[in-house]
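A closer look at the structure
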Amino acid sequence: MVQRLLAPGEIEALDHNAIPRLLLPQPRSLFTARAARLRQLAKNEIKGIPVGETLRGYLLLMAALVDAQAAVAHALPAETFALPDAADIDVSLEHNMPPLPVSGARPPSWRAVFDALLDQLDTLADGQPQIAAVLAELRGLESAQLEGCADAVLAELTDSVHPLHAPFVAAALQVMWTMRAGQLDAQRVQPLVTNTLCPVCGAHPVASVIRIGGQSQGYRYLQCSCCASEWHMVRVKCSCCEHTSRIAYQSLEPADANSAPENTSKANDPSKVARAETCEDCRTYRKIFNQEHDYNVEPLADDLASLALDLLVGELGYARASGNPLLWFNAE
Ligand SMILES: [Zn+2]
Ligand SMILES: [Zn+2]
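Predicted model, so just to flag it, every value in this text is computed and none were measured.

Side note on the packing of helix H5 (residues 110-125) against helix H7 (residues 143-154)
For any two helices packed against each other, the geometry comes down to the angle between their axes and how far apart the axes lie. Between H5 and H7, the shortest axis-to-axis distance is 12 Å and the interhelical angle comes to 95 degrees. With respect to their mutual orientation, H5 and H7 come out roughly perpendicular. Packed against H5, whose contacting residues are Trp110, Arg111 and Phe114, the element H7 presents Ser143, Leu146, Glu147 and Ala150 at the interface. Across the contact of H5 with H7, the residue classes tally to four nonpolar, one polar and two charged.

Quick look at the structure:
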């Protein structure tokens, strides 16, 4: 048997073909890891994402909500999360449309997910009258109100949702979409015409993340705010308007001024864990979290905990490209 060495050009071609374009979510570990990360952030244990006392309680509440998401994803029967008919998925994929669109009719079983989420949270409400009151309000919503809230959440109509209700509705929808996205065949899902929307469901990304390990080494992905799928986008490119010429990065922690230039690419640099990628062309930003500098970065949790970075970038005049489904208050 003759082994042939590959020329450098051939190696690059192999590598390029091997970039996983789409990383589908693994819901059974996703929600558990997200809840753990939120608790660590709440304890101010993450270098690069300092969390103050005012945000702590909210992060812990959201950690409990994500725990409930994990429990519901495990507990409900598989048919709750049934995919659309194969023929419908085929038609969507042939037309370059997302196979599980957030627009249009949604599976009625999302209401079972919502009810189960609220039931999971009852223990949390013991001795916490404010949470008990919110849960009672959510249970008291009429069907049309609840569906209207879900429509507004999925369309990201920040002004038409109740900021205390929306995270709970969004959480149920996330479970519904994430559980279904995890059953798709990543090879068959094609990027949309605009690479700034999720190829699985068409929602906006919550943030982007530079992944390490395996074939994703050093590549940047956008994580969907709804179904948690991650799709590839080259680095140093605006995830809102796709321009590349006037991109800059803002960080809360200044880079260590004393570090020698040869050390600037070293791993575990807190100033590079969480940055805002700003674009002069559309004057928006999205955050980018870097696994090279913190292995456990979690785009949605880290985005929620880094409100201080939103304030900093907001003061510089940039607008957030899209929201975080677990936060519907104005950051200020
Ligand atoms: Zn999606
Ligand atoms: Zn832009």
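From this point, things continue past the structure.
Points about H7
Between the first and last C-alpha of H7 there are 17 Å, a value that for twelve residues agrees with the 16 Å anticipated at 1.5 Å per step. Among all positions in H7, only Leu146, Cys149, Ala150, Ala152, Val153 and Leu154 are buried. Each element contacted by the buried residues of H7 is listed here: H5 and helix H8 (166-181). One or two positions beyond H7, positive phi appears at glutamate 156, with a value near 55 degrees.

Considerations on the coordination of the zinc ion (ligand 2)
Cys238 (SG), Cys241 (SG), Cys279 (SG) and Cys282 (SG) make up the full set of protein donors to the zinc ion (ligand 2), lying at 2.3 Å. Here the zinc ion (ligand 2) binds four donor atoms, and the angle range of 102 to 116 degrees at the metal identifies the geometry as tetrahedral. Sequence spacing of the donor residues for the zinc ion (ligand 2), all on one chain, is C-x2-C-x37-C-x2-C. Residue cysteine 238 is located in the loop between strand S4 (230-232) and strand S5 (247-251), and its partner cysteine 282 is located in the loop between strand S6 (274-279) and strand S7 (284-290); the two are separated by 44 residues in the primary sequence. Among the residues examined, cysteine 238 registers a relative accessible area of 4% and is labelled buried. Under the relative-accessibility criterion, cysteine 282 is labelled partly exposed at 25%.

Digging into the coordination of the zinc ion (ligand 1)
Protein-derived ligands of the zinc ion (ligand 1) are Cys198 (SG), Cys201 (SG), Cys224 (SG) and Cys227 (SG), with the metal-ligand distances lying across 2.3 Å. Coordination at the zinc ion (ligand 1) is tetrahedral, judged from the four donor atoms that bind it and the angles of 96 to 123 degrees they form at the metal. Mapped onto the sequence, the residues coordinating the zinc ion (ligand 1) show the spacing C-x2-C-x22-C-x2-C. Note on accessibility: cysteine 198 and cysteine 201 belong to one class, buried.

Here we look at unusual backbone geometry
A positive phi is found at alanine 228, a non-glycine position, where the angle reads about 65 degrees. Assignment of secondary structure puts alanine 228 in the loop between strand S3 (220-224) and S4. On the accessibility criterion, alanine 228 (6% relative accessible area) is buried.

Some details on the nonpolar core
Soluble globular proteins: nonpolar side chains tend toward being buried together. In terms of nonpolar packing, the biggest core is built from 89 residues, with Leu59, Trp110, Val153, Val169, Trp177, Val200 and Cys201 touching the most fellow members. Looking at this core, the element that brings in the most residues is H8, giving twelve residues. No fewer than three residues from each of domain 1 (18-181) and domain 2 (205-253 + 269-320) sit in this core. In contact with cysteine 201, other than residues within four places in its own chain, are Pro98, Leu100, Pro101, Val102, Trp177, Cys224, Cys226 and Cys227. Counting residues in each nonpolar core, the second largest holds five residues, with Ala276, Tyr285, Leu309 and Val313 among its members.

Re the UniProt feature "domain: FdhE central" (unreviewed entry) in the chain
Within this structure's numbering, the places UniProt gives as "domain: FdhE central" (unreviewed entry) are residues 197-235. Counting secondary structure, residues 197-235 comes out at 0% helix and 36% strand; the distance between its end C-alpha atoms is 16 Å.

Reading the values: the criteria
- All residue numbers refer to position in the chain's written sequence, counted from 1.
- Throughout, the order in which chains and ligands are written sets their labels, letters from A for the former and numbers from 1 for the latter.
- Residues qualify for local features only when their pLDDT is at least 70, as the model is predicted, and side-chain atom pairs are given and counted only at 80 or more; totals for whole chains, interfaces and linings, by contrast, use all residues.
- Calculation of side-chain values draws on the structure's entire complement of heavy atoms; hydrogens and water are dropped beforehand.
- Every axis in this analysis is a line fitted to C-alpha atoms, fitted for helices over the stretch in contact. Angles between the N-to-C directions lie between 0 and 180 degrees.
- Helix and strand definitions here come from DSSP, where helices need a minimum of 4 consecutive H or I residues and strands a minimum of 2 consecutive E residues; each element is numbered from the N-terminal end.
- For classification purposes, an angle smaller than 35 degrees is called roughly parallel, one larger than 145 roughly antiparallel, one from 65 to 115 roughly perpendicular, and anything else oblique.
- Only heavy atoms matter for contacts: two residues are in contact if any of them lie within 4.5 Å across the pair.
- Classification used: nonpolar for Ala, Val, Leu, Ile, Met, Phe, Trp, Tyr, Cys and Pro, charged for Asp, Glu, Lys and Arg, polar for all others including Gly.
- Helix span, expected: 1.5 Å multiplied by one less than the number of residues in the helix.
- Here's how the labels work: a residue is buried when its accessible area is under 20% of the maximum for its type, exposed when over 50%, partly exposed in between, all with a 1.4 Å probe on protein chains only.
- With water omitted from the atoms examined, metal sites may look incomplete; donors here are N, O and S atoms no farther than 2.8 Å from the metal, or 3.2 Å in the case of Na, K and Ca.
- Only four donors with every angle between 85 and 135 degrees are called tetrahedral; only four or six donors with opposite donors over 155 degrees apart and all others between 65 and 115 are called square planar or octahedral, in that order; all others are irregular.
- Buried residues of nine kinds, namely Ala, Val, Leu, Ile, Met, Phe, Trp, Tyr and Cys, make up a nonpolar core once their side-chain atoms join them within 4.5 Å.
- The split of the chain into domains comes from an automatic or database domain assignment.
- UniProt positions are given in the numbering used here, feature names are shortened, and annotations may be inferred rather than shown by experiment.

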